[in-house]
Amino acid sequence: MELICPAGTPAAFREAVDAGADAVYCGFRDETNARNFPGLNFSRQELGEAITYARRKGTQTFIALNTFMRAGHEDLWYQAARDAVRLGADALILADFGLMAHVAETYPEQRLHVSVQASASNPDAVNFLVEAFGARRVVLPRTLTISDIARLARQIRCEIEVFVFGGLCVMAEGRCSLSSYATGKSPNMNGVCSPASHVRYRQDGGELVSELGAYTINRFPREEAAGYPTLCKGRFDIADARGYAFEDPVSLDVMDQIDALREAGVSALKIEGRQRGKAYVAEVVSTLRKALDAKPEDRRALLARLRLLSEGQRTTAGAYEKRWR
Amino acid sequence: MNAAKPTLTLGPVLYLWEGEKWRDFYFRIADEAPVDDVVIGETVCSKRLHFTDPCFPPVIERLEAAGKRIVFSTLALVTLERESQYVRSLVADSPYPVEANDLSALALLEGEPHWIGPLVNVYNATTARLLARRGATSICLPPELPASSIAEIVSATPGIAFELLAFGRMPLAISARCAHARAKGHIKDNCQFVCKEDPDGLPVKTLDRQSFLAVNGVQTVSFTCQALLAELKDLLACGVHRFRLSPQDCDMVAVARLYDDVLQGRLDPEEGISLLRQIYPAAPLSNGFHHGQEGAAWVARARNIGHGAST
């Protein structure tokens, strides 16, 4: 199985390549990709240099153009596709099927991957994207169990890539407008979720309050470490309960299921984290590379150190495990 | 296109209403509500299908007798084999047009006239035209779209009917996990159908007691109710002629009459807004997405904000 690694900066990109990534994915510095954060991503020139560096080391580069084209401004996405192809991207990761159609028609030789943001969660959906646009690989939404994936793999005609480590969307990706409901900025349209521009922290008595737009997302007593107010990982009042209504502040880790994923028919394992620094990328990629190449009995010790890097140091297998639902 | 008569569509009931309540709701819609099209069928959770199945034949019969055009809805999230089978058989056997709410239905409907629901990501005219070429005759655009995008898509996609969510809590997210079951101490596989206890959704409040969201099984909807009333005139001018009313647990016949009155020029939109607040007092109104702001916002005097200005 391939290891697909994130890079938000040229420095992180080189770290990922050096640490043993089979492919690195990244995006341009604008709203064409779903990690459109200040200080992140690549200019055309930086991307060209990164691809050259990766090529020399035998690593592939995937370019994420995985937001939905804003009506009337499609040229921004078309130009990004043109430049990614020209610079030698090994694959484009796309979510908008208008853009998929454009790429399939204009650059028929270009390898096309279906982004997790497209929410292709079943055989009819995946095969549609394969037939209509020649998709070669699908990144599956984090809504499936490992046995769901195995069943799907038998019925589709393209490769499967799944997220195994890092941030975790609770909602079906590409189909969530919670962030724009609170802030006006959304993953689909602006490439951001719970954007820092709308985050505020304030002290209220003994508690630190985190807010997104006009809404309180969490309150932390003094003894508790405060987390970032990602909307779906906030604490709310629901029914008679007070707590994490959608998901705890956890991150995804299913690296202990590598063998089951391989048997299920998965071709590539993906690490989330284009917003992470180069030290994090280097550590995670090199550890997961070793784990992937190690014997199953040696993996546990390797993976234990990664727990420390995870958000809140707590992890979940998410939807891969049936009980999570 | 501009000469088309404006019409109302009743969207599918997104919540779990038990058999009789569901049946009686549609009987009354058939008899009294000025809606032309009725989109019907489970959209949120495949586990709920057996609640309404027995009531389908009499409801369909009553709606047809009343001259309503019927469209069958499909599931928003299809992951299990039996969910795939359900969508396949619905598409294969439906005597009525089918509305696609995910990519599987979209794929299966190629080549036959069909509708696209608001849960399919249509953010630009390239995508809308692609869907039209595949057989879509009607697209209900996603609630998140601002007016500028709507105007652009509609003007660049001739020959297809566009619809907008004009009333109802907005669908915001869907998950493999059931937050509704979780809130009541269950997991999805053993949910005991607790979502039927909340026919208008289960409110989610912030720790500072702000009303924020509502959960409806695996779906999360806005706490606010989308209300496009002052915007209708501009929308008609830019080529949108169909407006969707999404059923909430209130007098939907009154809601339909109110929208019909505004569309026909019998009722001033501002008066309509205050009447709507009385008909559905449970949720504050919002129209923020339409005006390019946060979805929960309410932009008053919206009629002064032009639509076609940017195009």
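Keep in mind it's a predicted model, so treat the numbers as computed, not measured.

(A) Focus on the overall build of chain A. The number of helices and strands found in chain A is 11 helices and 15 strands. Expressed along its principal axes, the backbone C-alpha trace of chain A runs to roughly 60 × 55 × 40 Å. Put simply, of all contacts in chain A between residues at least 6 apart along the chain, 61% involve residues at least 24 apart.

(B) Structural view of the overall build of chain B. For chain B, the helix and strand inventory stands at 11 helices and 12 strands. A compact globule built from 311 residues should have a C-alpha radius of gyration of about 19 Å, and chain B, at 18 Å, falls within 12% of that. Summarising its shape, the C-alpha atoms of chain B cover approximately 50 × 50 × 35 Å along the three principal directions. Buried residues in chain B amount to 57% of all 311 residues. Considering only contacts in chain B between residues 6 or more positions apart, those separated by 24 or more positions represent 67%.

(C) Representation of the nonpolar core. A:Val24, A:Leu65 and A:Leu92 are the most contacted members of the largest nonpolar core, which totals 208 residues. Of all the elements, strand E7 (residues 161-174) of chain B adds the most residues to this core, at 10 residues. Two domains each donate at least three residues to this core, and these are domain 1 (2-168 + 250-324) and domain 2 (178-244) of chain A. Apart from residues lying up to four places away in sequence, A:Leu65 is in contact with A:Thr32, A:Asn33, A:Trp77, A:Ala80, A:Ala81, A:Ala84, A:Leu92, A:Ile93, A:Leu94 and A:Leu99.

(D) Here's a closer look at the domain arrangement of chain A. Residues and elements named next belong to chain A. Split into domains, chain A comes out as domain 1 (2-168 + 250-324) and domain 2 (178-244). Between domain 1 and domain 2, the C-alpha centre-to-centre distance is 27 Å. Across the boundary between the two partners, domain 1 contributes 10 residues, which contact 7 residues of domain 2.

(E) How the structure looks around the environment of A:Ala182. Within the secondary structure layout, A:Ala182 lies in helix H7 (residues 178-183). Remark: the alpha-carbon pair of A:Ala182 and A:Ala214, spanning 32 residues in sequence, is separated by 7.1 Å. Among all residues touching A:Ala182, those that are not within four sequence positions of it are A:Leu212, A:Gly213, A:Tyr215, A:Leu231, B:Glu294 and B:Ala296.

(F) Representation of the interface of chain A and chain B in the model. Taken together, the contact between chain A and chain B spans 57 residues of the former and 51 residues of the latter. In the side of chain A that touches chain B, the residues fall into 27 nonpolar, 17 polar and 13 charged. Bridge count between strand E11 (residues 235-238) of chain A and strand E8 (residues 202-206) of chain B: 3 bridges; the pairing is antiparallel. Note that in E8(B) the partner of A:Phe236 across the bridge is B:Thr206.

(G) Examining the pairing of strand E2 (residues 23-26) of chain A more closely. Residue and element names in this part refer to chain A. Side chains Ala23 and Tyr25 project from E2 onto one buried face, and the interleaved Val24 and Cys26 project onto a second face that is buried too. In this structure, strand E1 (residues 2-6) lies alongside E2, joined through 3 bridges in parallel fashion. Directly across from Pro6, in E2, lies its bridge partner Tyr25. Of the crossover connections in this fold, the one passing from E1 over helix H1 (residues 10-18) to the parallel E2 is right-handed.

(H) Quick look at the packing of helix H10 (residues 278-293) of chain A against helix H11 (residues 296-304) of chain A. All names here are of chain A. Where H10 contacts H11, the two axes come as close as 9 Å, and the packing angle between them is 170°. One way to sum up the angle between H10 and H11 is to call them roughly antiparallel. Residues Thr287, Lys290 and Ala291 of H10 touch H11, and the partners they reach there are Arg299, Leu302 and Leu303. Taken together, the residues that form the contact of H10 with H11 break down as 3 nonpolar, 1 polar and 2 charged.

(I) Main features of unusual backbone geometry. Backbone geometry at A:Ser119 places phi at a positive 55°, although glycine is not the residue there. Examined against the element boundaries, A:Ser119 turns out to sit in the loop between strand E5 (112-114) and helix H5 (123-133). You will see that B:Arg209, though not glycine, has its phi angle at about 65°, which is positive.

(J) Spotlight on the environment of A:Val114. All names here are of chain A. Mapping Val114 onto the fold places it in strand E5. On the basis of neighbour count, Val114 is assigned to the buried category, with 28 C-beta atoms found within 10 Å. Placed 86 residues apart in sequence, Val114 and Arg200 show a C-alpha to C-alpha distance of 35 Å.

(K) Summary view of the sheet that holds strand E10 (residues 215-220) of chain A. Residue and element names in this part refer to chain A. Sheet architecture is open: 3 strands sit in the order E8-E9-E10, paired in antiparallel fashion. Only two strands of the sheet have a single neighbouring strand rather than two, namely strand E8 (199-204) and E10. In this sheet, neighbouring strand axes are inclined to one another by 25° on average, regardless of whether the strands run parallel or antiparallel.

(L) The arrangement of the confidence of the model for chain B in detail. All names here are of chain B. Averaged over every residue, the pLDDT of chain B is 94; residues scoring 70 or more account for 96%. Predicted confidence is poor over residues 302-311, with pLDDT under 50, and the contacts of this stretch with residues over four places away or in other chains come to 21 contacts. Across the whole predicted complex the pTM is 0.95, and at the interface the ipTM reaches 0.94.

The rules we used
Residues numbered from 1 in each chain as written. Chains lettered and ligands numbered in written order. Predicted model: local features only at pLDDT ≥ 70, side-chain atom pairs only at ≥ 80, totals over all residues. Helix = DSSP H or I, 4+ residues; strand = E, 2+ residues; numbered from the N terminus. Contact = placed C-beta atoms within 7 Å. Rg over C-alpha atoms; globule rule 2.2 N^0.38 Å. Buried ≥ 20, exposed ≤ 12 C-beta atoms within 10 Å, placed from the backbone. Core = buried A, V, L, I, M, F, W, Y, C linked by C-beta atoms within 7 Å. Domains from an automatic or database assignment. Nonpolar A, V, L, I, M, F, W, Y, C, P; charged D, E, K, R; others polar. Pairing = 2+ DSSP bridges. Right-handed = clockwise from strand over helix to strand, strands pointing away. Axes fitted to C-alpha atoms, helices over the stretch in contact; angles between N-to-C directions. Parallel < 35°, antiparallel > 145°, perpendicular 65-115°, else oblique. pLDDT = per-residue confidence, 0-100.

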